[in-house]
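So you can see what is in the structure, the chains are spelled out below.
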Amino acid sequence: VELKNGRHARAAKHFIIAAKLGHDGSLRTLKDWYRFGLVSKENFAAALRGHQAAVDATKSPQREAAEAFQRRHGLHAAAQASTTSLKRNPEYRE
């Protein structure tokens, strides 16, 4: 919404917040914006550190065991295929 209204700096702040909470799509957007000079190196670095911290916080032995179980039993590929088909939907928003 902020982008459509021409408030690029405010939109960048929203993407930075989302990236720091672990949202992959926001981090990818910020990476592109950084490459084009739309986001400062400091802001991108902060978002990247925050994203990594959020991803690390979700790791646990139980989660890793569940993922290993899914891979062993072919459930991991099915979950990925389901997500891939969902992303092909034109109304899907990451």
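Scroll up a little and you will see the structure.
In this numbering scheme, every chain counts its residues from 1 along its sequence in written order. Thresholds applied to this predicted model are a pLDDT of at least 70 for local features of residues and 80 or more for the giving and counting of side-chain atom pairs; totals over whole chains, interfaces and linings are not thresholded and use all residues. Hydrogens and waters are ignored; side-chain quantities use all the structure's heavy atoms.

1. Notes on the nonpolar core
Piece 1. What we call a nonpolar core is a set of buried Ala, Val, Leu, Ile, Met, Phe, Trp, Tyr and Cys residues that are connected through their side-chain atoms within 4.5 Å. Any residue under 20% of the maximum accessible area for its type is buried, any over 50% is exposed, and the rest in between are partly exposed; the area is computed with a 1.4 Å probe on protein chains only. In this structure, Ala-11, Ala-12, Ile-16, Ala-19, Leu-27, Leu-30, Trp-33, Val-39, Phe-44 and Ala-47 together form the largest nonpolar core, which totals ten residues.
Piece 2. In DSSP terms, a helix is any run of H or I states spanning at least four residues, a strand is any run of E spanning at least two, and both are numbered starting from the N terminus. Elements that contribute at least two residues to this core include exactly helix H1 (8-20), helix H2 (24-35) and helix H3 (41-57).
Piece 3. For this core, the leading source of residues is H1, giving four residues.

2. Topic: H3
Piece 1. Here a helix's expected span is defined as the number of its residues, less one, multiplied by 1.5 Å. With 17 residues, H3 extends 24 Å from end C-alpha to end C-alpha; this agrees with the ideal 24 Å at 1.5 Å per step.
Piece 2. Along H3, the positions that sit buried rather than exposed are Phe-44, Ala-47, Gly-50, His-51 and Ala-54. In an axial view of H3, the angular spread of the buried residues amounts to 130°, which keeps them on one side of the axis. For H3, the exposed residues set more than 90 degrees away from the buried face come down to Lys-41, Glu-42 and Arg-49.
Piece 3. The inward-facing, buried residues of H3 contact H1 and H2. For this quantity, the arc is that covered by the directions from the helix axis to the C-beta atoms. In this analysis, two residues are considered to be in contact whenever any of their non-hydrogen atoms come within 4.5 Å of each other.

3. A short note on the side chain of His-51
Piece 1. Relative to the helices and strands, His-51 is located in helix H3.
Piece 2. Discounting residues that sit within four places of it in the chain, His-51 has contacts with Ala-19, Lys-20, Gly-22, His-23, Asp-24 and Leu-27.

4. So, the packing of aromatic side chains
Piece 1. Planes of paired rings set the category: under 30 degrees apart is stacked, over 60 is edge-to-face and the rest tilted, where pairs are Phe, Tyr or Trp rings (Trp by its six-membered ring) whose centres lie within 6.5 Å. Counted by the stated rule, this structure contains two aromatic pairs.
Piece 2. Consider the rings of Phe-15 and Trp-33, whose centres lie 5.1 Å apart with planes at 75°: the pair is edge-to-face. Separated by 18 residues along the polypeptide, Phe-15 in helix H1 and Trp-33 in helix H2 bring together distant segments of the chain.
Piece 3. Residue Phe-15 is classed as partly exposed on the basis of its relative accessible area, which comes to 23%.
Piece 4. Arranged with centres 5.2 Å apart and planes meeting at 5°, the rings of Tyr-34 and Phe-44 form a pair that is stacked. Of this pair, Tyr-34 sits in helix H2 while Phe-44 sits in helix H3; the two residues are ten residues apart in sequence, bridging distant segments of the chain.
Piece 5. With a relative accessible area of 33%, Tyr-34 lands in the partly exposed category.
Piece 6. Residue classification places Phe-44 among the buried residues on the basis of a relative accessible area of 14%.

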